[in-house]
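Below, each chain spelled out in residue letters.
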Amino acid sequence: MEMNNKKRRQSMILYVIIALAVMLAVQQTFATFQRKSIKNVSYSEFLTMVEQNKIKEVELNTGTGIIRFTDGDTKDKDTTIYETTLFPDDDGLVARLQQHEVKFSAQIPDTRNDLWIYLLLSYGLPIGIMVFFGWRLNRRMKKAMDGDDPSMDFSSGFGGFGMGNLGKSNAKIVGEKETGVTFKDVAGQDEAKESLQEIASFLEDPKKYSDIGARCPRGALLVGPPGTGKTLLAKAVAGEANVPFFQISGSEFVEMFVGRGAAKVRDLFKQANEKAPCIVFIDEIDTVGKRRDAGLTTNDEREQNLNKLLTEMDGFDNNKGIVVLGATNMPDSLDIALTRPGRFDRRIPVELPDLAGREAILNIHAHDVKMEPNVDLSIVARATPGASGADLANMINEAALRAVRMGHRRVTQEDLVESVDVVIAGEKKKSTVLSEHEKQVVAYHETGHAIVAASQKGSAPVSKITIVPRTSGALGFTMQVDEDEHFLTTAQEMRDKIAVLCGGRAAEEIIFGEATNGASNDIQKATQIARAMVTQYGMTERFGMVALGQQRNRYLGGASELTCSEGTAEDIDKEVQRIVEEGHREALDTLRAHRFKLHEISRYLQRKETITGEEFMRIFTRDDGFAPTLPTMS
Ligand code: ADP
Ligand code: MG
Ligand code: ZN
């Protein structure tokens, strides 16, 4: 509602501004023309000039009695035009003019036309423009009324209003005959592929299905976080079935000019109907298909596009073989009308790849680049839990770029390992120059994380510590890599993780007796974990197994909403505080116990800037002849 009106208002304002500008420009031109070249003089002056032979031409407007005369050639640009009014009883004027050889006439076409042109241009033109566009608008509205969806095309008319032929939908629809992608190009995602296989075989031979009376799903929704290969999968289905692929992005629906979205939907389905069997892929469908009742501010435009989409989906002949695939990372926000049977009735999860999936994806993309034969992709796969397919593809590419930069003939293991950092933590920042003291603080901070992690039983081993700043803003980081993946996390593991996160700040406190802002990210993460433990995982005695919050979007790492009373919310805060503080205590205790190692390792780190997990463990586990004294009291 809001946006629609706003756009409409915007195009109105734009249009009025143009009209005003034209009017002003025309008037300005005339005004300057008059001011510059027409000089008003008295009749006696006129006579004097005649006597002095200064006048070349005279024109009399017999109607108004205005005399215009020039002192030179009228074609000459410098010639001044004078104006005076005929004195009533001057009968001798003609004789006098003749005597002084002045060319004279009684028609003054210029003056008369000037006025008309002036009026026409300054008032007629803008009015004309207005009438023209008004007429266009009207016609379009009428056409729309005859058509299928009046409200939509009404706004479409407004979109084109004053802006030429924008009313016509020029939907940029990619109708690919060959996507060139098949399931072989998609690694992992076996479950998704299985679900889509059926759609592919239906598209290959729709008749086989309709003969039996089976109805293939009209639409399927690919649901998963960004970069997991949803677009790739959709293309692969088209490639497998060898059918055309039409792609449109949801964000294209909600356009700068109101109303074109709906026209695009219509165009899209018209083309699809002609080319069936085919696949229509709607990316980011959540941008059009947002739940209509969500929130107070609704969006008319989007709603109209959604309605259009729904009617189109209901309208097409299912046996022809058009399958609509949608992709979203916000399935919860989709309108229920979209997900009911007969529309996107199938939901296909496309999750982040697991260890085996990551390695398979790396292998696929590694084919595109030249690699040293001894490169081990499984190391990269293990170092990248949580990375999406797109991230991994990007890593291979970054590695290749680095190889070129470094002058390698093939991509080396080192290129790969570096590229992991580039993609995960942002490129090494060359320009940030830390002062010696800052470097020291960062070194202690990172070593703090590492020591707390290493002294825990179940924690993932430290694989790398670095104090080379990244473009992401991190001044350093400590990487922990699990041997293999696990999907369940225990309460103890979460508490351990919090302690590790607190390790950085704890080290700063112990060594420098002062906190820096370097721990803000750690603090945020620790708090998030603690809060989830309390509100989502039922891991506290205080609240037990009661869900106190609800996660808004599990794919985009959305924040959770509390679903409890205000009093409880206060208690939750206290509980979260307690859990994080516990981790902080543990980190402090651990680091105090390993105070010497903390000094030694961070000095080593300051010197080397980046150290491997092995180097770290070698120093950390080396027996220095005295066991760490665990304090009994803190
Ligand atoms: P999404 O549409 O889910 O955001 P895309 O399909 O656009 O993700 O994926 C982006 C790129 O990431 C792909 O072009 C491909 O190179 C790579 N990619 C993602 N997932 C996979 C996968 N499972 N196998 C191979 N490549 C993948
Ligand atoms: Mg995509
Ligand atoms: Zn930190």
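Thresholds, definitions, all that
Residues numbered from 1 in each chain as written. Chains lettered and ligands numbered in written order. Predicted model: local features only at pLDDT ≥ 70, side-chain atom pairs only at ≥ 80, totals over all residues. Heavy atoms only, no water. Helix = DSSP H or I, 4+ residues; strand = E, 2+ residues; numbered from the N terminus. Buried < 20%, exposed > 50% of the residue type's maximum accessible area, 1.4 Å probe, protein only. Contact = heavy atoms within 4.5 Å. Areas by Shrake-Rupley, 256 points an atom, 1.4 Å probe, with all protein chains shown as cover. Donors = N, O, S within 2.8 Å, 3.2 Å for Na, K, Ca; no water. Pairing = 2+ DSSP bridges. Near = heavy atom within 4 Å. Polar contact = N/O pair within 3.5 Å; in protein donor to acceptor, adjacent residues only side chain to side chain. Nonpolar A, V, L, I, M, F, W, Y, C, P; charged D, E, K, R; others polar. Domains from an automatic or database assignment. Core = buried A, V, L, I, M, F, W, Y, C linked by side-chain atoms within 4.5 Å. Axes fitted to C-alpha atoms, helices over the stretch in contact; angles between N-to-C directions. Parallel < 35°, antiparallel > 145°, perpendicular 65-115°, else oblique. Left-handed = near helix turned anticlockwise from the far one by under 90°. Phe/Tyr/Trp six-rings, centres within 6.5 Å; stacked < 30°, edge-to-face > 60°. Lys NZ or Arg CZ within 6 Å of the ring centre and 35° of its normal. pLDDT = per-residue confidence, 0-100. Salt bridge = Lys/Arg side-chain N within 4 Å of Asp/Glu carboxyl O.

Participant: Would you explain the overall build of the protein chain in this entry?
Facilitator: Looking only at helices and strands, the protein chain has 22 helices and 16 strands in total. By the burial criterion, 44% of the 634 residues in the protein chain qualify as buried. Long-range contacts, defined as pairs at least 24 residues apart, comprise 74% of the intrachain contacts of the protein chain with a sequence gap of at least 6. Carbon and sulfur atoms make up 54% of the accessible area of the protein chain, which totals about 33,800 Å².

Participant: Sorry if this is basic, but what is going on with the coordination of the zinc ion (ligand 3) here?
Facilitator: The expected angle between donors at a tetrahedral four-coordinate metal is 109.5 degrees. At an octahedral six-coordinate metal it is 90 or 180 degrees. Protein coordination of the zinc ion (ligand 3) is provided by H445 (NE2), H449 (NE2) and D522 (OD), with donor distances spanning 2.0 Å. All donors of the zinc ion (ligand 3) belong to a single chain; written as a sequence motif, their spacing is H-x3-H-x72-D. Linking H449 in helix α17 (residues 436–454) with D522 in helix α19 (residues 520–535), this pair joins segments that are 73 residues apart in sequence. A residue is classified by how much of its surface remains accessible, and H449, at 7% relative accessible area, is buried.

Participant: How do you make sense of the side chain of T328 when you look at a structure like this?
Facilitator: Mapped onto the elements of the fold, T328 is located in strand β10 (residues 322–328). Every residue in contact with T328, bar those within four places of it in the chain, is listed here: L221, L222, V223, G224, K230, I285, D286 and L334.

Participant: Explanation requested: the pairing of strand β4 (residues 81–85) in the structure shown.
Facilitator: Strand residues, when the strand is regular, have side chains that alternate between the two faces of the sheet. As judged from the three bridges shared by strand β1 (residues 38–40) and β4, these two strands associate in the parallel manner. If you follow N40 over to β4, its bridge partner there is E83. Two strands pair when backbone bridges link them, and strand β3 (residues 66–70) and β4 are joined in this way by five bridges, in the antiparallel orientation. Within β4, the position partnered with R68 by the bridge is E83.

Participant: Is there a simple way to think about the site of ligand 1 in this case?
Facilitator: Inspection of the region around ligand 1 gives 16 residues, with A187, G227, K230, T231 and H365 positioned closest. Note that an oxygen atom of ligand 1 is positioned 2.6 Å from one of the side-chain N or O atoms of T231. Between L232 and ligand 1, the recorded distance is 2.9 Å, taken from a backbone N or O atom to an oxygen atom. Protein coverage of the free-state accessible area of ligand 1, which is 550 Å², stands at 79%. Secondary structure elements with two or more residues in the shell around ligand 1: α8 (230–241), α13 (355–366) and α15 (389–406). Looking at the shell around ligand 1 residue by residue, the classes come out as seven nonpolar, seven polar and two charged. Among the domains, domain 2 (172–349) and domain 3 (355–425) are the pair contributing at least three residues each to the shell around ligand 1.

Participant: Explain the nonpolar core to me, please; I cannot follow it from the model alone.
Facilitator: Across soluble globular proteins, nonpolar side chains have a tendency to be buried as a group. Residues L591 and F616 are the most contacted members of the largest nonpolar core, which totals 41 residues. Sorting elements by how many residues they give to this core places helix α18 (residues 491–512) first, with nine residues. In this structure, F616 is in contact with A450, I451, A454, V462, I465, I601 and I611, ignoring residues within four places of it in sequence. With 28 residues, the next largest nonpolar core counts Y209, A220, A234 and V350 among its residues.

Participant: Explanation requested: the packing of α17 against helix α22 (residues 613–621) in the structure shown.
Facilitator: The description of two packed helices rests on the angle between their axes and on the distance between the axes. Orientation of α17 relative to α22, taken along the N-to-C sense of each, is 70 degrees, at an axis distance of 11 Å. What the angle tells us is that α17 and α22 run roughly perpendicular. Considering the relative orientation of α17 and α22, their crossing is right-handed. Contacts between α17 and α22 involve A450, I451 and A454 on the former and, on the latter, F616, M617 and F620. Taken together, the residues that form the contact of α17 with α22 break down as six nonpolar, no polar and no charged.

Participant: Even after reading the chapter, I still don't get the packing of aromatic side chains, so can you show me in this structure?
Facilitator: Each pair of aromatic rings is reported with the distance of its centres and the angle of its planes. Counted by the stated rule, this structure contains seven aromatic pairs. Between F245 and F281, the ring centres sit 5.8 Å apart and the planes meet at 25 degrees, which makes this aromatic pair stacked. With F245 in strand β8 (residues 245–249) and F281 in strand β9 (residues 278–283), this pair connects stretches of sequence that are 36 residues apart. Exposure remark for F281: the relative accessible area of 0% places this residue in the buried category. The structure contains a cluster of three or more aromatic residues connected by ring pairs, namely Y43, F46, F69 and Y82. Here the guanidinium or amino end of R542 rests over the ring plane of F543, the centre of that ring lying 4.6 Å away.

Participant: Help me understand the sheet that holds β3, please; the structure alone is not making it clear to me.
Facilitator: Two strands in a sheet stick together by hydrogen bonds in their backbones, pointing the same way (parallel) or opposite ways (antiparallel). Within the open sheet, the five strands sit side by side as β1-β4-β3-β2-β5. Their pairing is mixed. Two strands bound the open sheet, and with one partner strand each, they are β1 and β5 (103–105). Each neighbouring strand pair of the sheet contributes to a mean axis angle of 20 degrees, computed without reference to strand direction.

Participant: Looking at this structure, I do not really get the confidence of the model for the protein chain. What am I missing?
Facilitator: Do not read the fine detail of predicted coordinates wherever pLDDT is low. The predicted model of the protein chain averages 78 in pLDDT, with 77% of residues at 70 or higher. α18 holds the highest mean pLDDT among the elements of the protein chain, 95, whereas helix α5 (residues 150–160) holds the lowest, 32. Confidence drops under a pLDDT of 50 for residues 144–172, and excluding neighbours within four residues, the segment shows 59 contacts in the predicted structure. Across residues 629–634, where pLDDT falls below 50, the model places six contacts with residues more than four positions away in sequence or in other chains.

Participant: What's the story with the pattern of salt bridges in this structure? I'm lost.
Facilitator: Enumeration according to the criterion identifies 13 salt bridges in this entry. When the shortest N-O distance is used, the salt bridge between E198 and R346 registers 3.4 Å. Of the two residues, E198 is situated in helix α6 (residues 190–204) and R346 in strand β11 (residues 346–349); the sequence distance between them amounts to 148 residues. Taking relative accessible area as the criterion, E198 reaches 35% and is therefore assigned partly exposed. For R346, a relative accessible area of 26% puts it in the partly exposed group. Note that R402 and E414 form a salt bridge whose closest N and O atoms lie 3.4 Å from each other. Linking R402 in helix α15 with E414 in helix α16 (residues 413–425), this pair joins segments that are twelve residues apart in sequence. Linked by salt bridges that have partners in common, R402, E414 and D415 make up one network.

Participant: For this particular structure, what's the right way to read unusual backbone geometry?
Facilitator: Of all residues except glycine, most have a negative phi; of all peptide bonds, most are trans. Despite not being glycine, N53 shows a phi value in the positive range, around 60 degrees. Assignment of secondary structure puts N53 in the loop between α2 (43–51) and β2 (57–60).

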